[in-house]
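# A look at the structure
For reference, the chains in residue letters:
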Amino acid sequence: TKEHRHTEAYDVVYMPGVLYHLSDPVLALRILYNRLRLGGVILLETTATGATWNVQAPTLHYDRITASGNNYFGMDAAVLRGMLEDVGFTLVKTATVP
């Protein structure tokens, strides 16, 4: 059998409403970063459940499993920015949508 290798590279990765469901969101972002072509873009949509949107005091809220049964994290824009920059993204823009 032929071994499947993850060699594809992408110009754009769209990740809607997934990050807060993952037990290791930084690892997921690192994997996605490594799959982007040079100059590639990642578009994330995530929730701020349990977090405050205060850039001066970054907040990461962790629940082993929330009441919904599958949400691990709620993060504010500053925490998300920090995660993205830690894995290598250099131009990070965040927006709050009501």
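Residues numbered from 1 in each chain as written. Predicted model: local features only at pLDDT ≥ 70, side-chain atom pairs only at ≥ 80, totals over all residues. Heavy atoms only, no water.

The subject of this paragraph is the side chain of Arg35. Note on placement: Arg35 falls in helix H1 (residues 25–35). Here the side chain of Arg35 touches Glu8 through a polar contact of 2.4 Å, landing on its backbone oxygen. (Helix = DSSP H or I, 4+ residues; strand = E, 2+ residues; numbered from the N terminus. Polar contact = N/O pair within 3.5 Å; in protein donor to acceptor, adjacent residues only side chain to side chain.)

Confidence in the prediction of the chain, expressed as mean pLDDT, is 76, and 70% of residues score 70 or more. Below pLDDT 50 for its whole length, residues 49–58 participates in 21 contacts with residues either more than four positions away or in separate chains. (pLDDT = per-residue confidence, 0-100. Contact = heavy atoms within 4.5 Å.)

This part takes up H1. Taken together, the buried positions of H1 are Pro25, Ala28, Leu29, Leu32 and Arg35. For H1, the arc enclosing every buried residue in end-on projection is 125°, short of the 170-degree limit, so these residues lie on one face. In this fold, the buried residues of H1 make contact with strand E1 (10–16), strand E2 (36–45), strand E4 (73–75) and helix H2 (77–87). (Buried < 20%, exposed > 50% of the residue type's maximum accessible area, 1.4 Å probe, protein only. Arc of directions from axis to C-beta.)

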